[in-house]
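Read off the chains here:
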Amino acid sequence: MSQPTNTRGARRGPRPANARRVAFDVLRAVQVDDAYANLLLPTRIRRAGLTARDAAFATELTYGSIRMLGRYDVIIALASGRRPENIEADVLDVMRLGAHQLLAMRTPTHAAVDATVELAREVGARRATGFVNAVMRKIAARTDDEWDAQITEGRGGDALLATRWSHPVWVVSALRDALAAERSRDELAALLAADNAAPRVQLAALPGLATDEDIATATTRTVLDEDADDDAAFADATGAADVPAALVPADDEPEADGATGTVPPVRTADPVPAADALPVSPVGIRGISGDPARVPGVAAGRLRVQDEGSQLAALALSRSSAVREGERWLDMCAGPGGKAALLAAEAQQGGATLVANELVPARAGLVRNALGVFGDHVRVVEGDARRYGRDGTGMTFDRILLDAPCTGLGALRRRPEARWRKTPEDVQELAALQTELLDAAVRVLAPGGTLAYVTCSPHLAETRGQVDALMGRHGGVLEQLDTATIVRGVAARDPEIADGATAQLWPHRVGTDAMFIALFRRVG
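None of these values were measured; they are calculated from a predicted model.

1. With respect to unusual backbone geometry
Phase 1 of the analysis: The omega torsion of the bond from Gly-335 to Pro-336 falls at 5°, within 30 degrees of zero and hence cis.
Phase 2 of the analysis: Summarising the element assignment, Pro-336 is placed in the loop between β6 (328-331) and α16 (338-350).
Phase 3 of the analysis: Phi at Asp-34 takes a positive value of approximately 55°, unusual for a residue other than glycine.
Phase 4 of the analysis: Topologically, Asp-34 is positioned in the loop between α1 (17-32) and α2 (37-48).

The following block contains the structure:
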């Protein structure tokens, strides 16, 4: 089990109610308004004027409760004798927050119970305070391990794992199939556990822009006093070893600052698990302490907050072969600009030009911000990428990145609500869109040009299935490259990927998102 067991009799007192109220408001907004926790929570924390200690508490409470929502609902059902759908929504959310404090944080039992009852009263559920009190006391009567034994009793296979690790059954089955495709089915529990761990911040040093001093400062700088206070506050409030990077946006989501990825304070745990010990990207930086916005290179835009899986996806394309002066590159779905920035840096060094395309105007604005430090060799355009090859321009490109819209099942640790929003029907709709985008990419791929198909999902319908179908449609003009060998050649250390024509990264192995990469070359 990855969750800490309940610790009773701890010396620390309860956090002020407004930290819990912030967590409650974000949890409700995520469910009612389809809000994204990583975008809403920083705003609510600032608005509430929370101290570092209370902001850390609210962060862990929000993200932990969302990740473990499915598991807590089973526990609440047993403790209350009611099905979750028969409990009023606001009361259920209050109890989810209470369950997380009791089972996964260092909040003393009496403080967690009393504060949860008070939160119910504060949010207008005064009528239910007795019910909430009774349920919380029943939950507190057992440790997390004891609850695990009870909620998994009689379950087996994917149903057991889904309950234990708080994933929908269909997601567990999809991840099992993806691992089985490379004969790694026995790693499923480790992968599910990794999905529930707060991701640590990773930086990309943009080639040609980042200086040796930028990198040295980011990797060796002394933790500032206020950072140390934040770190201690988080450990004091939650029992965790570090402030999570949960508020760091994933590469395909809007960042708090489009150019630099300014985010709330984060810290890498010490000691670091093996998967997170060293960068796997040749431009990656791990082990930073404190707020990354305080790192000079990040503030200047020469270092970017970016998962190393995304870094490897971009570099697999740019470094798959030597860049020729005058090459034209295309990023078909560029928003919010993380991979585009890395490609722009690589293109600038090699004398190539880059067109960054984005459908959504607001996201196109983020791309412009992200690429603002580059010169005229970078151009941002807006439009549906499916138009390429049918817009009458006749333009072709030597390297194309298709970072396709996908289910995001490879980034569940960064987007805790995604597991509860996606459905199998979404896979079918997204796969159809991916197919159309791939066909458009082939239409404008120059002879001898390279196409990188990338998703932040390991679902076979979005990965190997798409590759097989693409070769079935365009095998006469495309050849698959040995992507696994190329990624190994680009990586700073063994990326622990299976042999084959594609590359699938895994968070439990190397501490990246589960990015899928497939490279193709147009023959002739």
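Moving on from the coordinates now.
2. Regarding the pattern of salt bridges
Phase 1 of the analysis: Scanning all chains against the criterion turns up 35 salt bridges.
Phase 2 of the analysis: Between Asp-25 and Arg-21 there is a salt bridge whose closest N-O contact spans 2.9 Å. Here Arg-21 and Asp-25 lie together in helix α1, a separation of four residues that amounts to about one turn.
Phase 3 of the analysis: A residue is classified by how much of its surface remains accessible, and Asp-25, at 23% relative accessible area, is partly exposed.
Phase 4 of the analysis: Close ionic contact of Arg-414 with Asp-513 constitutes a salt bridge, the shortest N to O distance being 3.2 Å. Residue Arg-414 is located in the loop between β9 (397-403) and α18 (418-421), and its partner Asp-513 is located in the loop between α22 (507-510) and β13 (516-522); the two are separated by 99 residues in the primary sequence.

3. Points about the environment of Ala-210
Phase 1 of the analysis: Turning to its location among the elements, Ala-210 is positioned in the loop between β1 (203-205) and α12 (212-220).
Phase 2 of the analysis: According to the relative accessible area criterion, Ala-210 is buried, its value standing at 19%.
Phase 3 of the analysis: For the pair Ala-210 and Ala-345, spaced 135 residues apart in the sequence, the C-alpha separation amounts to 10.0 Å.
Phase 4 of the analysis: Not counting the four nearest positions on each side in its chain, Ala-210 is found in contact with Ala-205, Arg-302 and Leu-303.

4. As for the pairing of strand β8 (residues 378-382)
Phase 1 of the analysis: Relative to β8, strand β7 (residues 353-358) runs parallel, the two being bridged by five bridges. Its bridge partner lying in β8, Glu-358 is registered against Glu-382.
Phase 2 of the analysis: Between β7 and its parallel partner β8, the chain crosses via helix α17 (residues 361-370), and the hand of that crossover is right-handed.

5. Points about the nonpolar core
Phase 1 of the analysis: Counting residues in each nonpolar core, the largest one holds 53 residues, and the members touching the most others are Val-91, Met-95, Leu-102, Val-132, Met-136 and Ile-139.
Phase 2 of the analysis: For this core, the secondary structure elements donating two or more residues are α1, α2, α3 (52-67), α4 (69-80), α5 (89-104), α6 (109-122), α7 (129-140) and α8 (144-151).
Phase 3 of the analysis: With nine residues, α5 is the single largest residue contributor to this core.
Phase 4 of the analysis: Once residues within four sequence positions are removed from consideration, Ile-139 is found in contact with Ile-75, Ile-76, Ala-79, Ala-99, Leu-102, Leu-103 and Trp-147.

6. Remarks on the packing of α3 against α5
Phase 1 of the analysis: At a minimum axis distance of 9 Å, the contact between α3 and α5 shows a crossing angle of 110°. Taken together, the axes of α3 and α5 lie roughly perpendicular to each other. Listed contacts from α5 to Phe-57, Glu-60, Leu-61, Gly-64 and Ser-65 of α3 are Arg-96, Leu-97, His-100 and Gln-101.
Phase 2 of the analysis: Split into classes, the residues belonging to the contact of α3 with α5 amount to three nonpolar, four polar and two charged.

7. With respect to empty space enclosed by the protein
Where empty space is left becomes clear once a probe the size of a water molecule has been rolled over the atoms.
Phase 1 of the analysis: What the rule picks out here adds up to five cavities of 30 Å³ or more.
Phase 2 of the analysis: Taken as a whole, the largest cavity holds about 100 Å³ of empty space.
Phase 3 of the analysis: Lining the largest cavity are 14 residues, and of these Glu-182, Arg-464, Thr-502, Gln-504 and Phe-516 lie nearest its centre.
Phase 4 of the analysis: Looking at which element gives the most residues to the lining of the largest cavity, the answer is strand β12 (residues 502-504), with three residues.
Phase 5 of the analysis: The class makeup of the residues in the lining of the largest cavity is eight nonpolar, three polar and three charged.

8. As for the sheet that holds β1
Phase 1 of the analysis: Strand order in the open sheet formed by three strands is β3-β1-β5, with antiparallel pairing between adjacent strands. Looking along the sheet, the strands with just one partner apiece sit at the ends: β3 (284-285) and β5 (303-305).
Phase 2 of the analysis: Judged from the two bridges that link them, β1 and β3 form a sheet pairing that is antiparallel. Looking at β3, one finds that Leu-203 is bridged to Ile-285.

9. Some points on the confidence of the model for the protein
Parts of the model with low pLDDT should not have their predicted coordinates read in detail.
Phase 1 of the analysis: Across the protein, pLDDT averages 88, with 86% of residues at or above 70.
Phase 2 of the analysis: Confidence drops under a pLDDT of 50 for residues 252-272, and excluding neighbours within four residues, the segment shows 72 contacts in the predicted structure.

10. Points about the packing of aromatic side chains
Phase 1 of the analysis: This model, assessed by the stated rule, comprises two aromatic pairs.
Phase 2 of the analysis: For the ring pair Tyr-388 and Phe-397, a centre distance of 6.2 Å and an interplane angle of 85° mean the geometry is edge-to-face. Summarising the burial analysis for this pair, Tyr-388 and Phe-397 share the class buried.
Phase 3 of the analysis: Taken together, a centroid distance of 6.4 Å and an interplanar angle of 70° make the contact between Tyr-453 and Phe-516 edge-to-face. One end of the pair, Tyr-453, is in strand β10 (residues 445-455); the other, Phe-516, is in strand β13, with 63 residues separating them in the sequence. A single burial state applies to Tyr-453 and to Phe-516, both of which are buried.

Analysis parameters
- Residues numbered from 1 in each chain as written.
- Predicted model: local features only at pLDDT ≥ 70, side-chain atom pairs only at ≥ 80, totals over all residues.
- Heavy atoms only, no water.
- Helix = DSSP H or I, 4+ residues; strand = E, 2+ residues; numbered from the N terminus.
- Salt bridge = Lys/Arg side-chain N within 4 Å of Asp/Glu carboxyl O.
- Buried < 20%, exposed > 50% of the residue type's maximum accessible area, 1.4 Å probe, protein only.
- Contact = heavy atoms within 4.5 Å.
- Pairing = 2+ DSSP bridges.
- Right-handed = clockwise from strand over helix to strand, strands pointing away.
- Core = buried A, V, L, I, M, F, W, Y, C linked by side-chain atoms within 4.5 Å.
- Axes fitted to C-alpha atoms, helices over the stretch in contact; angles between N-to-C directions.
- Parallel < 35°, antiparallel > 145°, perpendicular 65-115°, else oblique.
- Nonpolar A, V, L, I, M, F, W, Y, C, P; charged D, E, K, R; others polar.
- 1 Å grid on protein atoms, 1.4 Å probe; cavity = no way out; pocket = protein on both sides within 12 Å on 5 of 7 lines; lining within 4 Å.
- Points joined across faces, edges and corners; volume = space filled by probe spheres on them.
- pLDDT = per-residue confidence, 0-100.
- Phe/Tyr/Trp six-rings, centres within 6.5 Å; stacked < 30°, edge-to-face > 60°.

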